[in-house]
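Fold and contact review
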Amino acid sequence: MKEEGRCDLDIMRNSSSHHTELYGEERLIVRRGQPFIILLRLKPGNKEGVPYVFMSISVFSGPVPRTESGTKVSFGLRDSTVDSEWSASATNDPSGNTVSVSISSSPNAPIGVYSLTLDQGGQKTSLGQFILLFNAWCSRDAVYMRSETKRQEYVLAQYGQIYRGTYRRIKGKPWNFGQFEPGVLDICLKILDENPKCISDADKDCSGRRNPIYVTRVLSAMINSNDDRGVLVGNWGEVLDGVHPGTWIGSGDILRQWAESGPVRYGQCWVFAALACTVSRALGIPCRVVTNFQSAHDTNGNLMIEKLYDERGKRMSNADSIWNFHVWVDSWMTRPDLGPEFDGWQASDPTPQEKSEGVFCCGPSSLKAIREGDLTKKYDAPFIFAEVNADVVDLVCLSNGETVKFRDSTDSNYVGCFISTKAVGSDERHDITHQYKYPEGSKEERQVYEKAQHHNKLQQLGEEPGLTLKIKLAKNMSVGSDFEVYTVLTNNCLEARTCTFLFFAEAVSYNGKLGNSCGFVSDKVEVPSGEERRLFLRLDYDRYGSVITSDRLIKLSAIAIDKQVAEYHKLLGEATVNQSVTAELTLWNPLPKSLQDCSFTVEGVGLTNGKPITARIGTVDPEQEAKARVKFSPTSAGSRVLLANFDSNNLKNIKSSINVVPLLPKL
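Just so we're clear, the structure is a prediction, and the values are computed from it rather than from any experiment.

Details of the UniProt feature "active site" (unreviewed entry) in the protein chain
UniProt feature "active site" (unreviewed entry): in the numbering of this structure it lies at Cys-269, His-326 and Asp-349. Across 81 residues of sequence, these annotated residues stay compact in space, with a maximum C-alpha separation of 9.7 Å. Overall, the relative accessible area of 3% leaves Cys-269 in the buried class. Beyond its immediate chain neighbours, meaning those up to four positions away, Cys-269 contacts Trp-236, Phe-325, His-326, Val-327 and Thr-351. Take Asp-349: it is sitting in the loop between strand 18 (344–348) and strand 19 (355–356). From its side chain, Asp-349 meets the backbone nitrogen of Thr-351 in a polar contact 3.0 Å long.

Things to note about the UniProt feature "binding site: Ca(2+)" (unreviewed entry) in the protein chain
Taking the numbering used here, the UniProt-annotated feature "binding site: Ca(2+)" (unreviewed entry) corresponds to Asn-389, Asp-391, Glu-440 and Glu-445. Their sequence span is 57 residues, while the largest C-alpha to C-alpha distance among them is just 11.6 Å; these annotated residues converge on one region. Along the chain, Asp-391 falls in strand 22 (residues 391–397). According to the relative accessible area criterion, Asp-391 is buried, its value standing at 5%. Within the element layout of this structure, Glu-445 appears in helix 12 (residues 443–460). Judged by its relative accessible area of 1%, Glu-445 is buried.

Concerning the packing of aromatic side chains
What describes a pair of aromatic rings is the distance from one ring centre to the other and the angle between the planes of the rings. For the coordinates displayed, the defined rule picks out 19 aromatic pairs. Relative to Phe-325, the ring of Phe-293 has its centre 6.4 Å away and its plane inclined at 55 degrees; by these criteria the two rings are tilted. On the criterion of sequence distance, the pair formed by Phe-293 in strand 14 (residues 287–297) and Phe-325 in strand 17 (residues 321–333) is long-range, its members being 32 residues apart. With a relative accessible area of 0%, Phe-293 lands in the buried category. Through a chain of ring-to-ring contacts, three or more aromatic side chains come together here, namely Phe-36, Phe-75, Trp-86, Tyr-114 and Phe-130. Lying over the aromatic face of Trp-258, Lys-190 brings its terminal NZ or CZ to 5.9 Å of the ring centre.

Some thoughts on helix 10 (residues 381–389)
Burial analysis of helix 10 places 8 of its 9 residues in the buried class, which makes it a mostly covered element. When we look at burial in helix 10, the residues that qualify are Ala-381, Phe-383, Ile-384, Phe-385, Ala-386, Glu-387, Val-388 and Asn-389.

Observations regarding the nonpolar core
Counting 87 residues, the largest nonpolar core has Leu-185, Leu-283 and Tyr-436 as its most contacted members. In terms of residue count, helix 8 (residues 269–283) provides more of this core than any other element does, 12 residues in total. Discounting chain neighbours no more than four positions away, the residues touching Tyr-436 are Val-290, Trp-328, Asp-330, Ala-347, Leu-367, Ile-370, Arg-371, Val-388 and Ile-419. Within the second largest apolar cluster, 28 residues are counted, among which are Ala-575, Leu-587, Leu-651 and Ile-658.

A word on the pattern of salt bridges
What the rule picks out here adds up to 32 salt bridges. Residue Arg-140 is joined to Asp-83 by a salt bridge in which the shortest nitrogen-to-oxygen separation is 3.2 Å. Pair noted here: Arg-140 is in the loop between strand 9 (123–133) and helix 2 (148–156) and Asp-83 is in the loop between strand 5 (72–76) and strand 6 (87–92), with a separation of 57 residues, a long-range link. By relative accessible area, which is 47% here, Arg-140 ends up partly exposed. Among the ionic pairs, Asp-380 bridges to Arg-217, the shortest N-O distance being 3.3 Å. Residue Asp-380 is located in the loop between helix 9 (367–372) and helix 10, and its partner Arg-217 is located in helix 6 (residues 212–222); the two are separated by 163 residues in the primary sequence.

The rules behind these values
Residues numbered from 1 in each chain as written. Predicted model: local features only at pLDDT ≥ 70, side-chain atom pairs only at ≥ 80, totals over all residues. Heavy atoms only, no water. UniProt positions renumbered as here; feature names shortened; annotations may be inferred. Buried < 20%, exposed > 50% of the residue type's maximum accessible area, 1.4 Å probe, protein only. Contact = heavy atoms within 4.5 Å. Helix = DSSP H or I, 4+ residues; strand = E, 2+ residues; numbered from the N terminus. Polar contact = N/O pair within 3.5 Å; in protein donor to acceptor, adjacent residues only side chain to side chain. Phe/Tyr/Trp six-rings, centres within 6.5 Å; stacked < 30°, edge-to-face > 60°. Lys NZ or Arg CZ within 6 Å of the ring centre and 35° of its normal. Core = buried A, V, L, I, M, F, W, Y, C linked by side-chain atoms within 4.5 Å. Salt bridge = Lys/Arg side-chain N within 4 Å of Asp/Glu carboxyl O.

Listed below in C-alpha cells is the structure:
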C-alpha cells in the first residue's frame, strides 16, 4: 500500500549532500555508503511519535530481489546509523507531526534503482524509489578518490578533450560527455539491464553490480554491438549509411538514439571511449579518456608487431598493425582480486578489437600491472601491454615458406608514446606515458619487456608460472646393471628461484607399498628465470639388488623445495654480545610421508663459540612444519652469519642462513 504525501524524500537537500543535484530534482539519486534523509508525516492526532521497536525499513532492487544476493535488505531503527551496512535512525520533529529518518546504505551495495518500504507492525507502506550510485566521496567505497579536484574532474565534469592526430601533431577534440543530461542516467541503467549476463541470470548480474570491476567489464562489452544489442556499431571504412564517426560531438545523442531504436551507426575508437566515460561517470565511477599514439594491435599475442616483406622487398599484408592513435578509458577503483598494490587506474577498451573470454571486450587491467609487465593479472593485460610496449620487427617471407628476420631490424622505441588525457581542471594535455611504461630504452623498460615476453611464451606453451620437475630414465635398464637417471627442474617463474633439489629412489611393490631406499642425492641450486637445472642419481646394483622385490620395481621421486616458501628463520629479539638470543627455525615437510629423526643444527663464527648447536625435534608429519628454537650467545660485535642445517631420514642437508648483527652491551 502507498499513502500519497506520507513520505517526503527531501530530494533537494539529499542531492546537495550527495553531489547529485546536476541530475535534477525529479527523483532521489544518492551515492552508496552515505546517509540520506527522508521525512515521514504522521497521521493527524498521532502525537506519540513512531514506536521504533515495531518499525523497520526494506529496500530492494532488480527483477528478482533476494537477501542472499544483497538486492533485498530489511533493517530496523537504531540510535544512529553505521557506515558499514544498511542502517537507519529516527528523530521526532518538535511539532510532533514529522519524523526524520536517516538511512545509510552499505558502501558495498549493488547500484541501481531501489524501492523503499516502511513496515510498522506488519503494515507495509511504499515510500517511493531512489537510485543508488557508486560513491567516490566515501572512503569505504571501492571507487573512493581522495582528491576533491580529481572527483570534480573524473566524476562531475561533463565536458572534456579527446586527443587525436599523430604523435608529431596532437590535436584535442572537444567532447560533451553529458552524463547529467535528462534521461541519460536511465539509459545507462538500461545498458546494464540489456547486457547478456543480466538476460541469462538477472539475480547474479544485479548482485554483481556492487563491484565496479564487474560493471566496467560489462560496459566494455555493451558499448560496442558486436556480441549483443550494444550501443554503437564500428566502421573504419566508407560510410554509406548512418552517421560518420567524426560527426559526433557528444554522447547524449548517441545514447538517446540507442534507447529508442537500438545500435547506432557509426563510431570509431574515440567515440566508443567517450561513451564508456559518460556511462561510467553517470554511474559514479571516476573515469578519464586516454589516447595512446603509435598504438599497436597485436593479433597473435606474441607482444611483437611483425612487418612482413616478400623476397623483393614488397610489404605483405598481415593482421598486426600500428594505429596513429587509439583511444580507451581508465577507471579508478580498488582491485581486491589482485591485491592492494594494483589499486588505482584500470584500463578498459570498448572498441571491438579482440575477444576476451569469448566476448568483444577488454579490461579492466591495472596500469601498475601493465607498467611492470605483470601479465598474469586479469583482465587482458597482455593485449594492453602490447598496445603501449610491443617491439616492431621486420620479417622476410622466403619462397620456401620460411620467415627470416632482418638483421638489426627490431625497433623497441616505436610503439606507445605521448599517452595523453585531459589535465585536471584545465583543457591542457596531460602526458601519462610514465603511468603505463618506463622511459623508452631504459634498463627498467627492457627488463619489463623481457619479463612480459617470458610470461607470454609460457602461456603459449600452456604452462603456468612456477617450478616444474621431470624425471628422465636411462635406456636399456635391466636388473643386474648399474645405470643413471636424472631429473630436470625448470623455472617458469618471472624471477630466479633458489631451491633445495632432492631425488629419491625406493623399492616398491606392485600394490604401491614402499620398501627400502635404493639411492638418494640432493643439491642446493639457483635457477634463473626460464632456465633449467639437472640432478643425476646413479643406481648401483650392489645397492638396489638386495632391496627390490620380485616385482622388480623402483619408484623415483623428485622434489624441489623453494627456499622462498619452505623456510622461515628469524631472530626473536635483538642480538647483543655475551647475551643470550633465540633463533626460531622453521621448515615445511613437502613429502607425503613423515620425517623421522629430525633436527636443526646452527653454527656461526662469533656466534656459537666455535661449536655447533643441535636441536632435535623427532617426527614431523606430512605437509607439516618442523619447528625449533635454538639459544646462543654472540661473542663479538659486527655483521655475522648463522648457518642452519636441517637433517632427517628422508630430507637431508637442507641448508640456510640468518644474518645477525650483534651489538655491544649498553653501558
